Each structure stands twice: as C-alpha cells, then as structure tokens.
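Each chain, written out:
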Amino acid sequence: MEAVLSVEGLEKSFKNTKVLHNITFDVHKGEIMAILGPNGAGKSTTIRNIMGIMYPDDGSVTFHNHQGSEIPRHKIGYLPEERGLYKNVKVMDIILYFAELKDYPIKKAKERALQYLEKFGLEGKENVSVEELSKGMGQKVQFIGSIIHEPELLILDEPFSGLDPVSQDVFKQEIKELANNGTAILLSSHQMNLVEEMCDRLFMINRGQKVIYGSLKDVKSKYANFKCTILGDNSAQQLESINQVTRVEQDGYSSVLYLEQGIELPSWLHTLPNNLDIVELKVDRISLHEIFVDVALGRSIAEEVGGTYAQ
Ligand SMILES: Nc1ncnc2c1ncn2[C@@H]1O[C@H](COP(=O)(O)OP(=O)(O)OP(=O)(O)O)[C@@H](O)[C@H]1O
C-alpha cells in the first residue's frame, strides 16, 4: 500500500508536560485511517503537528517524499476541530476563497462547489451570507471548502460533531466516496459507531501514547473479545458460574455474558448447562465503542495481549 502520509516518532511537550510520545503511523492512498482516543489524548496535537500549525520537538512528518516546508500544502485538505468561517461573506465566495488559497482553478472550483452544495442539500444557498446559515449548514460549507481543491490527503478533525444523524450519514457517504476515489483520509472522531462502519485502519492513543494500531479487522479479532447475548429467564448467579465468563450484564430477560479472551467458541458453547432457558442466543464481538471505553477507563486490554498500552 502506498503511504501518502508517514508520521514518525513525533514528540511534543507543552512547558514541562509531554503530550505526545513517539507517535508513529502511516495513512495510505484510498484508505480511511481513524485516529481515536479519549479527550485530551493528543489527537488534535498530532494533527496540528502534521499540518505545520505547530512543530514537534522530535520526529518527522512526510507527505510522499516531502518534509517540512517542502510539503505541497495545496495537496492537503483540512477540516480543523475549531469551526469558523468569515461571517458576512457569501457561501460561494468563501468556498472560492478556499480554492484560491490552494491555487485551484476558480472555474472548476465553482462547478464543484455547486455540485457539492446540491449534494449536501444546500442548493440555492450560494449567495446566502454565511451568518444566515445554521451551525450544521456552516459545517457543510466548511467541509466543502476542505475538499474543493481535490486534495490527495484529507484530514478531518471531528467532522461529525454537531451534525444531526441525517447529516452525519451524508458526511459518512461522502468521506467513503472520497476514499474510494483514492483520497487518503485521516479522521479523528468520537462517534465510534461511525468509525466502525467506515474506517479501514485505526490508531488509538491514550495520554499521548500508542495503544492500538492496525486494521479494523485485526483490531477486532485481537482486542474484541466475544460476548454472548441470551434471551431467557436465567439467574445472574447461574450465568456467572459458567466457564470463562468474566462478567454478566442483565436487563430483564436479556443477559450479556462477556467471555474471556482467546476462547474456543465451539467448545465453550458445548459447556452451556442443559437447564439454561434459551429463547434466543447470539454471539458477537464487543464493539469498537467498548474497546474505546476500556482504553479510556484505563482497563489495559492491549497489555493483556502483549500490546503497547501504557498507563
Ligand atoms: N497549546 C497548548 N498548550 C498547552 N497544552 C496543550 C495545548 N494544546 C493541547 N494541550 C494539552 O495537550 C493534551 C492533548 O490535547 P489534544 O487537544 O491534542 O487532545 P485531543 O485528543 O484532541 O482531545 P479532545 O478529544 O478533547 O479534542 C491535553 O492535555 C491538552 O491540555
């Protein structure tokens, strides 16, 4: 896979506090790479160092073969965490302003802007002043501004925050389409369900350090233990006494049994007592959301399997 962006050994301190420790990852052409972590983990600081908004104390950021001032910034699109557009400017003018900053042909930018405004349900708004837009509409315009110049690398810091579910879906589809067309995408988000639906690989950090890095598939099979949901009239004590069950959560007739890591599922299913009341039974892996919560709460899931989780 062709790496569009390589981040190598980033270190950053503010005053005497180190907030990034040896951050290393790649973003490949045509993939959606998620950077995840609890509040204050260091996601935005990582992104700001990539964008050259601040400089790392150590380490490097490489875009194709370019570093530092050699990086062709017009090939990168960026939606910052802090939203903000000039208020008394027309929608089309602000989008064309973004295009101009990236040396993108204005005629082409105008055509693309009209297409995107229509796609995002903002048709006819091109001459409306930005201050008349709702927050979500403004976010859509800023998103259009970040992709108007057809960037090779798109960095999206919390693109879904403040969007309603319909708009989240529109953004999700568009981000997937951009990746399918070859754009390398680095996405920071707290919406784990969306990340799980769309990312190819992920980099999870906590307190400025790598916790998990890999493809969604590998991460799920390595870190996401099985859980078994049983619908039926069963006591929590009986369920807890079943082999290799680490925890049971009950809600009425529904019981969720969290299973130990590395379990042999077919053998485990044979150990279920004959007298269990089973109306329905399903087994799946814990979600990315649950892995994230484990990390955020300092339950060292990665450490258990020899990962690099650090307290
Ligand atoms: N300019 C700054 N000066 C001092 N400390 C900073 C600065 N920017 C960030 N930090 C600190 O660096 C750490 C990482 O912050 P960062 O904003 O990168 O986290 P984040 O993962 O993006 O969090 P969130 O999910 O809340 O946006 C935090 O402890 C934060 O207080």
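Residues numbered from 1 in each chain as written. Predicted model: local features only at pLDDT ≥ 70, side-chain atom pairs only at ≥ 80, totals over all residues. Heavy atoms only, no water.

### Thoughts on the overall build of the protein
We apply this condition: Helical segments are the DSSP runs of H or I of at least four residues, strand segments are the runs of E of at least two, and each set is numbered from the N terminus. Partly exposed describes any residue whose relative accessible area lies between the buried limit of under 20% and the exposed limit of over 50%, with all areas from a 1.4 Å probe on protein chains only and scaled to the type maximum. Contact definition: two residues touch when any of their heavy atoms are within 4.5 Å. For accessible areas, the Shrake-Rupley method is used with a probe of radius 1.4 Å. Any residue's cover is judged against the shown protein chains and nothing else. Positive charges come from Lys and Arg, negative ones from Asp and Glu, while His and the chain ends are left out of the count. For charged residues, the charge sits on one atom: NZ in Lys, CZ in Arg, CG in Asp, CD in Glu.
A count of helices and strands for the protein gives eleven helices and 14 strands. For the protein, the spread of C-alpha atoms along the principal axes amounts to about 70 × 45 × 35 Å. A buried classification covers 50% of the 311 residues belonging to the protein. Pairs at least 24 residues apart make up 69% of the contacts formed inside the protein by residues separated by at least 6 positions. Total accessible area computed for the protein in this model is approximately 15200 Å², and 47% of it derives from carbon and sulfur atoms. For the protein, the separation between the mean place of its 33 positive charges and that of its 44 negative charges on side chains is 5 Å.

### A closer look at helix 2 (residues 91-101)
Residue pairs three or four apart in sequence face the same way in an α-helix, which turns once every 3.6 residues. Residues Val91, Met92, Ile94, Ile95, Leu96 and Ala99 constitute the buried set of helix 2. Contact partners of the buried residues in helix 2: helix 3 (106-119) and helix 4 (135-147). Directly after helix 2, the chain includes aspartate 103, whose backbone phi takes a positive value near 55°.

### Digging into helix 5 (residues 165-180)
Definition in use: Each helix should span, by expectation, one fewer than its residue count multiplied by 1.5 Å. Pairs of N or O atoms are called polar contacts if they sit within 3.5 Å, as long as, within protein, a hydrogen donor faces a hydrogen acceptor (for residues adjacent in sequence, only side-chain-to-side-chain pairs).
A rise of 1.5 Å per residue sets the reference length of helix 5, with its 16 residues, at 22 Å; its end C-alpha atoms lie 22 Å apart and thus fit the reference within 8%. Considered for burial, the residues of helix 5 that qualify are Ser167, Gln168, Phe171, Lys172, Glu174, Ile175, Leu178 and Ala179. Looking at the buried side of helix 5, the elements it contacts are strand 3 (32-36), helix 3, helix 4, strand 7 (153-157), strand 8 (184-188) and helix 6 (192-198). N-capping of helix 5 is provided by aspartate 164, with a side-chain oxygen placed 2.9 Å from the backbone N of valine 166. A positive backbone phi angle near 110° is found at glycine 182, which sits one or two residues after helix 5.

### Here we look at the sheet that holds strand 1 (residues 3-14)
As a reminder, the rule being used: Strands pair, by our definition, only if DSSP identifies at least two bridges between them.
Spatially, 2-1-4-5 is the arrangement adopted by the four strands of the open sheet, whose pairing is antiparallel. Bordering the open sheet on either side are strand 2 (17-28) and strand 5 (66-67), each of which pairs with just one other strand.

### Topic: the domain arrangement of the protein
The condition that has to hold: These domain boundaries are the output of an automatic or database domain assignment.
We note that the domain assignment places domain 1 (3-220) and domain 2 (225-285) within the protein. Placing the centre of domain 1 and that of domain 2 at their C-alpha centroids yields a distance of 41 Å.

### A look at the side chain of serine 189
Relative to the helices and strands, serine 189 resides in the loop between strand 8 and helix 6. Among the polar contacts listed, one links the side chain of serine 189 to the backbone nitrogen of glutamine 191, at a separation of 3.0 Å. When sequence neighbours within four positions are dropped, the list of residues in contact with serine 189 reads Ile35, Leu36, Glu158, Phe160 and Val195.

### Topic: the pattern of salt bridges
Quick reminder of the rule: Here, a salt bridge means any Lys or Arg side-chain nitrogen found within 4 Å of an Asp or Glu carboxyl oxygen.
The full count for this structure, using the stated rule, is 14 salt bridges. Here glutamate 111 and lysine 107 are joined by a salt bridge, their closest N and O atoms 3.8 Å apart. Of this pair, glutamate 111 and lysine 107 both sit in helix 3, four residues apart, which is roughly one turn of the helix. Taking relative accessible area as the criterion, lysine 107 reaches 66% and is therefore assigned exposed. We note a salt bridge from lysine 172 to glutamate 197, for which the minimum N-O separation is 2.3 Å. On the criterion of sequence distance, the pair formed by lysine 172 in helix 5 and glutamate 197 in helix 6 is long-range, its members being 25 residues apart. On the accessibility criterion, lysine 172 (9% relative accessible area) is buried. Glutamate 197 gets classed as partly exposed once you look at its relative accessible area, which sits at 43%.

### With respect to the site of the ligand
To be explicit about the condition: One heavy atom within 4 Å of a molecule or strand makes the whole residue count as near it.
Surrounding the ligand, one finds Phe14, Val19, Pro38, Asn39, Gly40, Ala41, Gly42, Lys43, Ser44, Thr45, Glu81 and His190. One of the backbone nitrogen or oxygen atoms of glycine 40 is found 2.8 Å away from an oxygen atom of the ligand. Alanine 41 places a main-chain nitrogen or oxygen 3.1 Å from an oxygen atom of the ligand. Within the complex, the protein chains bury 61% of what would otherwise be the 640 Å² of accessible surface of the ligand. The leading source of residues in the shell around the ligand is helix 1 (residues 43-50), at three residues.

### With respect to the pairing of strand 10 (residues 209-215)
One ladder, built from six bridges, connects strand 9 (residues 201-206) with strand 10; its direction is antiparallel. Looking at the pairing, methionine 204 lines up with isoleucine 212 of strand 10. Taken together, strand 9 and the strand that follows it, strand 10, pair antiparallel across an intervening segment of two residues, in which arginine 207 is found at a positive phi of about 50°.

### Here we look at the sheet that holds strand 12 (residues 245-251)
Applied cut-off: Only C-alpha atoms enter the line fits that serve as axes; for helices the fit covers just the stretch in contact. Angles between N-to-C directions range over 0 to 180 degrees.
Spatial ordering of the open sheet is given by 12-13-11-14, a layout of four strands whose pairing is antiparallel. Two strands close off the open sheet at either side, each with one partner strand: strand 12 and strand 14 (280-285). When strand polarity is set aside, the average angle formed by the axes of neighbouring strands in this sheet is 20°. Pairing of strand 12 with strand 13 (residues 254-259) involves six bridges; the strand directions are antiparallel. Opposite aspartate 251, over in strand 13, you have serine 254 as the bridge partner.

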